[in-house]
Amino acid sequence: MESQEIVKISQELFGKTPLRVEKVAEAGSSRRYYRVGLSDGESDLIFTFGDDLRENRAFCELAEFFSSQTSGIPEVLAHAEDYSWYVQRSVGRRSLLEVINECRRAGDDPEVKLGDIIRDCFKALIRMQVADPAGWEPRVFNPPFSRRSVMWDLNYFKYDFLKVAGFDFDENALEDDFERFAGRLVEVPDSLSGFIYRDFQSRNIMIGGDDLCENVPGFIDFQGGRRGPLLYDAVSFLWQAKAGFSDGFRREMLRYYLEELGRCRAIDMQEAEALVGQIVVFRLLQVLGAYGLRGLVEKKAHFIESIPAALNNLKEQLDGGMLSDYPEMERVCREMCSDKRWQNEEKPGGLTLEVFSFSYKKGYPADYSGNGGGFMFDCRGMHNPGRYAEYKTLTGLDTPVIEFLEERGEVQDFVEKSASIVIPSVDTYIRRGFSNLQVGFGCTGGQHRSVYCAEHFGRMMAERYPEVRVIINHREQKLKYQVC
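Fair warning: this is a prediction, and the values are worked out from it, not measured in the lab.

A.B. asks: Got a minute to help me understand the overall build of the chain in this structure?
C.D. replies: When helices and strands are tallied, the chain shows 16 helices and 15 strands. Along the first, second and third principal axes, the C-alpha set of the chain runs to 80 × 60 × 45 Å. Accessible surface, the chain as shown: approximately 22,200 Å² in total, 47% of it carbon and sulfur. Positive and negative charge centroids in the chain, built from 61 and 76 side chains respectively, lie 2 Å apart.

Here it is as structure tokens:
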């Protein structure tokens with residue numbers, strides 16, 4: 001148990017038993033973080049356990065070097081001989097993303113209130129980026145940004161987002177576009193190349209105290225750093241989906257970043273600005289690959305929740321002509337951006353209950369709300385109208401099928417018992433202010449029994465809970481509507 005190991009390490013290294021050990025919520029990586037307090041009044045320690053030993057070593061060694069170049073780099077106090085764990089000082093309890101969200105909930109504009117902190121972030125970032133390569137290149141384990149690495153990320157997007165989400169595309173034509181896009185992306189002048197953090201975003205910037213005027217940003221998760229185009233980091237930060245920055249603010253901060261970079265080395269401002277659009281598109285496709293794997297495959301809610309904002313950002317680039325030279329990439333991206341599963345519709349307050357009918361042959365309904373699913377009921381134990389020729393072309397919405405099912409009495413009992421299971425959760429979801437719940441009814445073909453059950457269950461819930469937004473989705477019949 002890692003908690004027991006933390007106690008043992010603390011006693012051996014610091015001669016103290018922890019007063020508290022808090023597991024930090026996991027994000028996109030497989031590393032496990034624990035916030036540990038050894039005594040009151042002292043800053044917390046962060047214990048990290050990870051299976052990628054090269055990655056862990058890179059973090060420790062890069063932290064040692066960059067702490068001499070800029071502020072906000074965590075001090076690594078100790079590590080295992082094989083780097084399977086390491087201990088660092090905390091550089092803040094809240095991420096900048098949390099602070100941004102707190103501002104919005106309080107009715108403040110984070111672009112105004114946090115502007116100085118964001119400028120400080122860029123100043124510190126630039127000091128890392130332009131540092132002497134002799135100090136950081138021997139410590140990174142990732143190969144430099146290259147055509148090969150770009151292709152890896154583009155295919156990550158293809159296999160973990162496009163294919164997982166079920167989009168059709170001409171694979172040869174898409175691969176041709178990827179090859180040409182990658183070729184242009186790596187044509188970066190030496191003046192705009194250096195150390196890239198690789199995951200420079202508000203989730204990886206920590207804020208210390210509660211008084212924003214006195215905060216100094218702290219930096220974590222730079223173990224993926226490597227040589228590459230410096231603009232990649234500025235773009236990653238400003239176009240992060242969850243941060244939700246306005247286009248005007250992005251342009252203002254990008255200009256500030258380039259002016260600060262220009263104080264450190266001679267750069268061609270127009271040349272730099274011309275690279276931005278390509279890097280924005282690449283970064284958005286890259287993160288959509290991550291959202292596909294971590295969200296659609298692994299069902300981690302906050303990754304699913306980020307998809308609509310990422311697609312909105314991508315649409316801005318499409319409308320600006322950034323993919324006009326890549327026809328299949330552009331076609332596929334436009335199809336993604338118009339997909340109703342991720343339309344950023346104005347959602348009403350309160351609970352949305354989505355009721356599906358589906359075929360088990362085609363798998364369970366996907367959940368794009370971020371809730372992670374809900375109740376699934378198997379209708380295949382009931383007599384199947386689809387076995388009879390006169391019902392084969394009909395569905396559970398048609399009167400002959402309804403009469404067939406209701407004459408036996410089993411379907412009404414099935415729906416009522418399903419409702420009795422779901423109702424306590426609906427009551428709880430309403431009371432606690434939850435926003436989404438999914439209920440599914442599956443049968444062999446998603447045509448007769450499941451359609452009947454979903455339709456009647458949905459209407460029963462709408463009648464019982466007029467304050468709930470009830471959506472009926474007959475997936476295999478391609479029918480979706482709100483019950484009024």
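Moving on from the model shown.
A.B. asks: Is there a simple way to explain the pattern of salt bridges in this structure?
C.D. replies: Once the charged atoms of two side chains with opposite charge are near each other, the side chains can pair. Counting across every chain of the model gives 42 salt bridges. Between Asp108 and Lys113 there is a salt bridge whose closest N-O contact spans 3.4 Å. With relative accessibility at 46%, the residue Lys113 sits in the partly exposed group. Residues Glu316 and Arg250 are paired through a salt bridge, measuring 3.3 Å at the closest nitrogen-oxygen approach. With Glu316 in helix α12 (residues 301-319) and Arg250 in helix α10 (residues 247-264), this pair connects stretches of sequence that are 66 residues apart. According to the relative accessible area criterion, Glu316 is partly exposed, its value standing at 37%. Residue classification places Arg250 among the buried positions, given a relative accessible area of 2%.

A.B. asks: Please explain the environment of Cys60 as it appears in this structure.
C.D. replies: Tracing the sequence through the fold places Cys60 in helix α2 (residues 53-66). Note on Cys60: relative accessible area 7%, which makes it buried. In sequence terms Cys60 and Arg198 are 138 residues apart; their C-alpha atoms lie 16 Å from each other.

A.B. asks: Explain unusual backbone geometry here, please?
C.D. replies: The general pattern is negative phi for most residues beyond glycine and trans for most peptide bonds. In the Ramachandran plot, Tyr83 falls in the positive-phi region, its phi being about 65° despite a non-glycine side chain. Since its relative accessible area comes to 12%, Tyr83 is described here as buried. Positive phi, normally seen in glycine, also occurs at Asp221, with a value near 60°. Inspection of the secondary structure assignment puts Asp221 in the loop between β9 (218-219) and β10 (226-229).

A.B. asks: I'm lost on the packing of aromatic side chains in this one. Help?
C.D. replies: Two numbers describe a pair of aromatic rings. These are the distance of the centres and the angle of the planes. Throughout the structure, instances matching the rule amount to 34 aromatic pairs. Look at Tyr388 and Phe404: their rings are 5.6 Å apart centre to centre, the planes differ by 55°, and that puts the pair in the tilted class. Here Tyr388, found in the loop between β12 (374-378) and α14 (399-408), pairs with Phe404, found in helix α14; they are 16 residues apart in sequence, far enough to count as distant. Residue classification places Tyr388 among the partly exposed positions, given a relative accessible area of 31%. Taken together through their ring pairs, the aromatic side chains of Phe59, Tyr86, Phe122, Tyr197, Phe200, Phe219, Phe222, Phe237, Phe245, Phe249 and Tyr257 make up a single cluster. Here the guanidinium or amino end of Arg119 rests over the ring plane of Tyr256, the centre of that ring lying 5.8 Å away. Sitting over the ring of Tyr360, Arg380 keeps its end group 3.8 Å from the ring centre.

A.B. asks: In this structure, what is going on with the pairing of strand β3 (residues 45-49)? I would like to understand it.
C.D. replies: Looking along a regular strand, one sees the side chains alternate between the two faces of the sheet. Among the five residues in β3, five count as buried, and that is most of the element. Alternating positions in β3 separate into two faces, Leu45, Phe47 and Phe49 on one and Ile46 and Thr48 on the other, with burial throughout. Inspection of the sheet shows strand β2 (residues 32-37) paired to β3 by five bridges, in the antiparallel sense. Across the sheet, the residue bridging to Tyr34 is Phe47, located in β3.

A.B. asks: What should I look at first to understand α2 in this one?
C.D. replies: Turn by turn, an α-helix covers 3.6 residues, leaving residues three or four places apart pointing in a common direction. The terminal C-alpha atoms of α2 lie 20 Å apart, and with 14 residues this matches the ideal 20 Å at 1.5 Å per residue to within 8%. Of all the 14 residues making up α2, ten are buried; the element is thus mostly covered by neighbouring parts of the structure. Within the span of α2, buried status applies to Glu55, Asn56, Ala58, Phe59, Cys60, Glu61, Leu62, Ala63, Phe65 and Phe66. On the buried face of α2, the contacting elements are β4 (76-79), β5 (85-89), α5 (115-129), α6 (133-136) and β7 (193-196).

A.B. asks: Would you mind showing me how to read helix α15 (residues 410-432) here?
C.D. replies: Given a rise of 1.5 Å per residue, 23 residues ought to cover 33 Å, and the 34 Å separating the end C-alpha atoms of α15 matches this to within 8%. For α15, the principal kink sits at Val422 and spans about 35°; a proline, Pro424, occurs within the next four residues. Within α15 the residues assigned to the buried category are Val411, Val415, Ser418, Ala419, Val422, Ile423, Val426 and Tyr429. In this structure, the buried side of α15 is in contact with β12, α14, β13 (436-443) and α16 (449-464). Immediately downstream of α15, the backbone of Gly433 shows phi near 75°, a positive value.

A.B. asks: Any chance you could explain the sheet that holds β2 here in plain terms?
C.D. replies: The strands that make up a sheet are held in pairs by hydrogen bonds between backbone atoms, and each pair lies either parallel or antiparallel. The five strands are arranged β1-β2-β3-β5-β4 in an open sheet whose pairing can be described as antiparallel. Of all strands in the sheet, those with a lone pairing partner are β1 (20-23) and β4, marking the two edges. Taking each pair of neighbouring strands and ignoring which way they run, the sheet shows an average axis angle of 20°. In terms of strand pairing, β3 meets β5 through five bridges, oriented antiparallel. Within the sheet, the bridge partner assigned to Phe49 lies in β5 and is Trp85. This element, helix α1 (residues 2-14), spans β1, β2, β3, β4 and β5 of the sheet and lies at about 125° to β3.

A.B. asks: I tried to follow the side chain of Asp233 on my own but got confused; where do I start?
C.D. replies: Take Asp233: it is sitting in helix α9 (residues 231-238). Here the side chain of Asp233 touches Arg198 through a polar contact of 3.1 Å, landing on its backbone nitrogen. Setting aside chain neighbours within four positions, we find Asp233 in contact with Leu125, Gln129, Phe195, Ile196, Tyr197, Arg198 and Phe200.

A.B. asks: Mind showing me how you'd approach the nonpolar core here?
C.D. replies: Nonpolar side chains in soluble globular proteins tend to be buried together. Grouped together as the largest cluster of nonpolar side chains are 96 residues, with contacts concentrated most on Leu96, Phe122, Tyr257, Leu288, Leu314 and Met336. With 13 residues, helix α11 (residues 269-297) is the largest single contributor of residues to this core. Setting aside anything within four residues of it in sequence, one finds Leu288 in contact with Phe157, Phe161, Ile307, Ala310, Leu311, Leu314 and Met336. With 34 residues, the next largest nonpolar core counts Leu405, Ile423, Tyr429 and Tyr452 among its residues.

Calculation notes
- Residues numbered from 1 in each chain as written.
- Predicted model: local features only at pLDDT ≥ 70, side-chain atom pairs only at ≥ 80, totals over all residues.
- Heavy atoms only, no water.
- Helix = DSSP H or I, 4+ residues; strand = E, 2+ residues; numbered from the N terminus.
- Areas by Shrake-Rupley, 256 points an atom, 1.4 Å probe, with all protein chains shown as cover.
- Lys, Arg positive; Asp, Glu negative; His and termini not counted.
- Charge placed at Lys NZ, Arg CZ, Asp CG, Glu CD.
- Salt bridge = Lys/Arg side-chain N within 4 Å of Asp/Glu carboxyl O.
- Buried < 20%, exposed > 50% of the residue type's maximum accessible area, 1.4 Å probe, protein only.
- Phe/Tyr/Trp six-rings, centres within 6.5 Å; stacked < 30°, edge-to-face > 60°.
- Lys NZ or Arg CZ within 6 Å of the ring centre and 35° of its normal.
- Pairing = 2+ DSSP bridges.
- Expected span 1.5 Å × (residues − 1).
- Contact = heavy atoms within 4.5 Å.
- Bend = angle between axes of the 7 residues up to and from the residue.
- Axes fitted to C-alpha atoms, helices over the stretch in contact; angles between N-to-C directions.
- Polar contact = N/O pair within 3.5 Å; in protein donor to acceptor, adjacent residues only side chain to side chain.
- Core = buried A, V, L, I, M, F, W, Y, C linked by side-chain atoms within 4.5 Å.

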